[in-house]
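Listed below, chain by chain, are the residues.
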Amino acid sequence: MLDQTELQENFEQLIADKYSQLQATTKWNQTMWHINGDLVVSLIHMANKSKFCLFNNDELDLDKLQRWNTTTYSKNLEVHDSKSIDWSLLSEMIDQTISQYTTTH
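None of the values given here were measured: they were computed from a predicted structure.

A. Broad picture of the overall build of the chain. Per the secondary structure count, the chain includes two helices and six strands. In the chain, the succession of helices and strands from N to C terminus is α-β-β-β-β-β-β-α. Relative to its length of 105 residues, the chain is compact, with a C-alpha radius of gyration of 13 Å against a globular reference of 13 Å. Principal axes of the C-alpha set define a box for the chain whose edges measure 40 × 30 × 25 Å. The long-range fraction of contacts in the chain, counting pairs at least 24 apart against all pairs at least 6 apart in sequence, stands at 50%. Surface exposure of the chain reaches about 6100 Å², of which carbon and sulfur atoms provide 45%. Averaging the locations of the 8 positively and 15 negatively charged side chains of the chain gives two centres separated by 8 Å.

This is the structure we're talking about:
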């Protein structure tokens, strides 16, 4: 079962605890976290699922790709059950996404 409130709280706690370098911003009517203006991650809730969007990371092997504009895309990890999230795997994906910005900029 998807408890979006619990999911949001756990996600924001992860960001606060491990990713203090990320800054929240509102873009496309969503809260997204960025580093130096480069989008990194967002959590978007929908009617029967939520999705973690990881931005502009070619290295991720996720099934869903979403275009946000001509230069921005995300690979999405869709969640239907908030209890089934592997937070350490999500953290690894965020680390990998952040590292692409810190090594190329």
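So that's the structure; there's more coming.
B. Representation of the packing of aromatic side chains. On inspection of all chains with the given rule, the structure shows five aromatic pairs. With 5.6 Å between their ring centres and 50° between their planes, Phe55 and Trp68 make a pair best called tilted. Residue Phe55 is located in strand E4 (residues 50–55), and its partner Trp68 is located in the loop between strand E5 (64–67) and strand E6 (73–79); the two are separated by 13 residues in the primary sequence. Of the residues examined, Phe55 reaches a relative accessible area of 0% and is grouped as buried. Cluster of aromatic residues (ring-pair linked, three or more members): Phe11, Trp33, Phe52 and Trp87. When the ring centre of Trp28 is taken as reference, the NZ or CZ atom of Lys27 above it lies at 4.8 Å.

C. Broad picture of the side chain of Lys51. In this structure, Lys51 sits in strand E4. Polar side-chain contacts of Lys51 include one of 2.8 Å to the side chain of Gln66. Once residues lying within four places of it in the same chain are set aside, the contact partners of Lys51 are Ser42, Leu43, Ile44, Met46, Gln66, Asn76, Leu77 and Glu78.

D. Fine view of the side chain of Lys49. Along the polypeptide, Lys49 turns up in the loop between strand E3 (38–45) and E4. In contact with Lys49, not counting residues within four places along its chain, are Leu2, Gln4, Ile44, Glu78, Val79 and His80.

E. Inspection of the environment of Glu12 at higher detail. In this structure, Glu12 sits in helix H1 (residues 4–18). Separated by 31 residues in the primary sequence, Glu12 and Leu43 place their C-alpha atoms 9.4 Å from one another. Polar side-chain contacts of Glu12 include one of 2.7 Å to the side chain of Gln8.

The rules behind each value
- Residues numbered from 1 in each chain as written.
- Predicted model: local features only at pLDDT ≥ 70, side-chain atom pairs only at ≥ 80, totals over all residues.
- Heavy atoms only, no water.
- Helix = DSSP H or I, 4+ residues; strand = E, 2+ residues; numbered from the N terminus.
- Rg over C-alpha atoms; globule rule 2.2 N^0.38 Å.
- Contact = heavy atoms within 4.5 Å.
- Areas by Shrake-Rupley, 256 points an atom, 1.4 Å probe, with all protein chains shown as cover.
- Lys, Arg positive; Asp, Glu negative; His and termini not counted.
- Charge placed at Lys NZ, Arg CZ, Asp CG, Glu CD.
- Phe/Tyr/Trp six-rings, centres within 6.5 Å; stacked < 30°, edge-to-face > 60°.
- Buried < 20%, exposed > 50% of the residue type's maximum accessible area, 1.4 Å probe, protein only.
- Lys NZ or Arg CZ within 6 Å of the ring centre and 35° of its normal.
- Polar contact = N/O pair within 3.5 Å; in protein donor to acceptor, adjacent residues only side chain to side chain.

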